[in-house]
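The residues making up each chain are set out below.
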Amino acid sequence: MNVAELYLQTAQLGFETTLEDSDRFYFAANRALLQVCKVRPAIRHCLINHKPLANLIRQDTFSPIEKIEDITYEAEGAKAYYFEADGNGVLYLEEYITDTGEWRIFGEIPLQSKQIFVPYRGFIKKQGAFVSGRIRLRFAGEYLYSVKNVALYQYLYGGEVADIPAYEAYTRYDVKKLVSDFMALCSPPIREEEENTLLNQNYEQEGDSIILLPYDKRGVYKVLYEHRPTAIENTGATTEDTQELDLDDELCSLMPILVAAYVWIEDEPEKSEYYMSLYRERVQEIVLSHKDTSPVLIKNVNGW
């Protein structure tokens, strides 16, 4: 169905060939489009290549550690660092001098925050060049503070400081920002390959659009979401508007009824309520006709 067909069918429901206000029609059509698409959402997917950078630090640094004495982390060949700190102190960047067997400071980062964890990140460079060999992060200072999520990275995603990723137990992916047609996440948004088996342990969901994938579960994730239909542009052409509605044919059959209910809601409320009741009845018919009545597969713990 295109917009011209929708316009003519809507007008006919009012026993007219045209509508008084074309702007009202377009507003009503877009409002109806978003409502109708929820009756049976079109499912799309995006692929998330979850590949967190390896941390050269072997210890688990996800949990906060209090700085009572100096805290040190060292690694060979690191090019960037990331950590979070919640107080006042200083981080010294140090390089190991093989000839003397001593550590030499080549960088200093002041730490300043008030009991909230603040992220810090940067490249391990001296005079604009990456430092080769073994380097060390040394958290020092005269005050008590905590650090967590400390990481040293050998590889980089880009040449900007903003390209240095956070080191977290879970990486957040906002699907709304990854695709242009996002309406809502499916439930569940991630499924295993086997049918009737839900992946329910290796990810979390935050809010309406954010997927959290664990650091140690690398891989390509197929995230399912509900497609947001393309909005109808107000061309003013009405009877000559060839824009196709971004719905399947069955859902398109709902559009004239619902648009009519919206168009006449102010001027003829009784007519509007009548068409709204027809719309609800038709929705129920469509929902029931597509209801899954196949038997549920139940797998016994003993394998039968």
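Structure's up top.
Let us look at the structure shown here. (Residues numbered from 1 in each chain as written. Predicted model: local features only at pLDDT ≥ 70, side-chain atom pairs only at ≥ 80, totals over all residues. Heavy atoms only, no water.)

## Focus: the sheet that holds strand β6 (residues 102-111)
As a reminder of what qualifies: Should DSSP find at least two bridges between two strands, the strands are regarded as paired. Think of it this way: any DSSP run of H or I at least four residues long counts as a helix, any run of E at least two long counts as a strand, and we number them from the N terminus. Fitted lines through C-alpha atoms serve as axes, helices being fitted only where they are in contact, and the angles separating the N-to-C directions of these axes extend from 0 to 180 degrees.
Strand order across the open sheet formed by four strands is β3-β10-β5-β6, with antiparallel pairing between neighbours. The outermost strands of the open sheet, each flanked by one partner alone, are β3 (71-76) and β6. Across the sheet, the mean angle separating the axes of adjacent strands is 20° when strand polarity is ignored. For strand β5 (residues 89-97) and strand β10 (residues 134-140), the ladder comprises six bridges, and the chain directions are antiparallel. In the strand pairing of β10, Tyr 92 is matched with Arg 138.

## Re the nonpolar core
Quick reminder of the rule: Residue types Ala, Val, Leu, Ile, Met, Phe, Trp, Tyr and Cys, when buried and joined through side-chain atoms within 4.5 Å, form a set referred to as a nonpolar core. Three exposure classes are used, based on accessible area relative to the maximum for each residue type with a 1.4 Å probe and protein chains only: buried under 20%, partly exposed in between, and exposed over 50%. Note on definitions: a residue-residue contact is assigned when non-hydrogen atoms from the two residues lie within 4.5 Å.
By size, the foremost hydrophobic cluster in this structure holds 34 residues, and its most contacted members are Met 255 and Val 259. Within the residue set of this core, elements represented by two or more residues are α1 (3-13), α2 (22-36), α4 (249-252), α5 (255-263) and α6 (269-289). Looking at this core element by element, the count peaks at eight residues for α5. The contact partners of Met 255, leaving out residues within four places of it in the chain, are Leu 6, Ala 29, Ala 32, Leu 33, Val 36, Leu 245 and Leu 247.

## A short note on the packing of aromatic side chains
Which entries qualify depends on this criterion: Each Phe, Tyr or Trp ring (for Trp, its six-membered ring) is paired with any other whose centre lies within 6.5 Å, and the angle between the two planes then decides the class: stacked below 30 degrees, edge-to-face above 60, tilted in between. Ring-over charges, as used throughout, are those where CZ of Arg or NZ of Lys falls within 6 Å of the ring centre and within 35 degrees of the ring normal.
Enumeration over the complete set of coordinates arrives at 14 aromatic pairs. Measuring from ring centre to ring centre gives 5.0 Å for Phe 83 and Phe 139, while their planes differ by 80°; the resulting arrangement is edge-to-face. Here Phe 83 is found in strand β4 (residues 80-85), whereas its partner Phe 139 is found in strand β10, with 56 residues between them in sequence. A relative accessible area of 0% places Phe 83 in the buried class. Arranged with centres 6.1 Å apart and planes meeting at 90°, the rings of Phe 123 and Phe 130 form a pair that is edge-to-face. The partly exposed category is assigned to Phe 130, whose relative accessible area is 36%. A cation sits over an aromatic face here: Lys 125 above Phe 123, 5.1 Å from the ring centre. In this arrangement the basic side chain of Lys 148 is found over the ring face of Phe 117, its NZ or CZ atom lying 4.6 Å from the centre.

## Side note on a negative patch on the surface
In plain terms, the rule: Candidate patch residues must exceed 30% relative accessible area and have no salt bridge, after which like charges are joined if within 9 Å and Val, Leu, Ile, Met, Phe, Trp or Tyr side chains if within 5 Å. What sets the accessible areas is the Shrake-Rupley method with a 1.4 Å probe; for residues, cover comes only from the shown protein chains. Any Lys or Arg side-chain nitrogen found within 4 Å of a carboxyl oxygen on Asp or Glu counts as a salt bridge. The charge count treats Lys and Arg as positive and Asp and Glu as negative. His and the chain ends do not count. Here the site of a charge means atom NZ of a Lys, CZ of an Arg, CG of an Asp or CD of a Glu.
A cluster of acidic residues, Glu 16, Glu 20, Asp 21 and Asp 23, forms a negative patch on the protein surface. Mapped onto the secondary structure, Asp 21 falls in the loop between α1 and α2.

## Re the environment of Glu 250
With respect to the element layout, Glu 250 can be found in helix α4. A relative accessible area of 25% places Glu 250 in the partly exposed class. Note: C-alpha distance between Glu 250 and Phe 182 (68 residues apart in sequence) is 22 Å. Every residue in contact with Glu 250, bar those within four places of it in the chain, is listed here: Arg 40, Arg 282, Ile 286, Ser 289 and His 290.

## A short note on the state of the cysteines
Basically, it comes down to this: Criterion for a disulfide: a pair of cysteine sulfur atoms within 2.5 Å.
Counting across every chain of the model gives zero disulfides. Cys 46 takes part in no disulfide bond, and the closest cysteine sulfur, belonging to Cys 186, lies 11 Å away. Accessibility expressed as a relative area gives 9% for Cys 46, which makes it buried. Judged by its relative accessible area of 9%, Cys 186 falls in the buried class.

## Overview of the pairing of strand β16 (residues 219-227)
Of the pairings in the sheet, the one linking strand β1 (residues 43-50) to β16 comprises eight bridges and is antiparallel in character. Paired with His 45 across the strands is Leu 224, a residue of β16. In terms of strand pairing, strand β13 (residues 182-185) meets β16 through three bridges, oriented antiparallel. When the sheet's bridge partners are listed, Phe 182 is paired in β16 with His 227.

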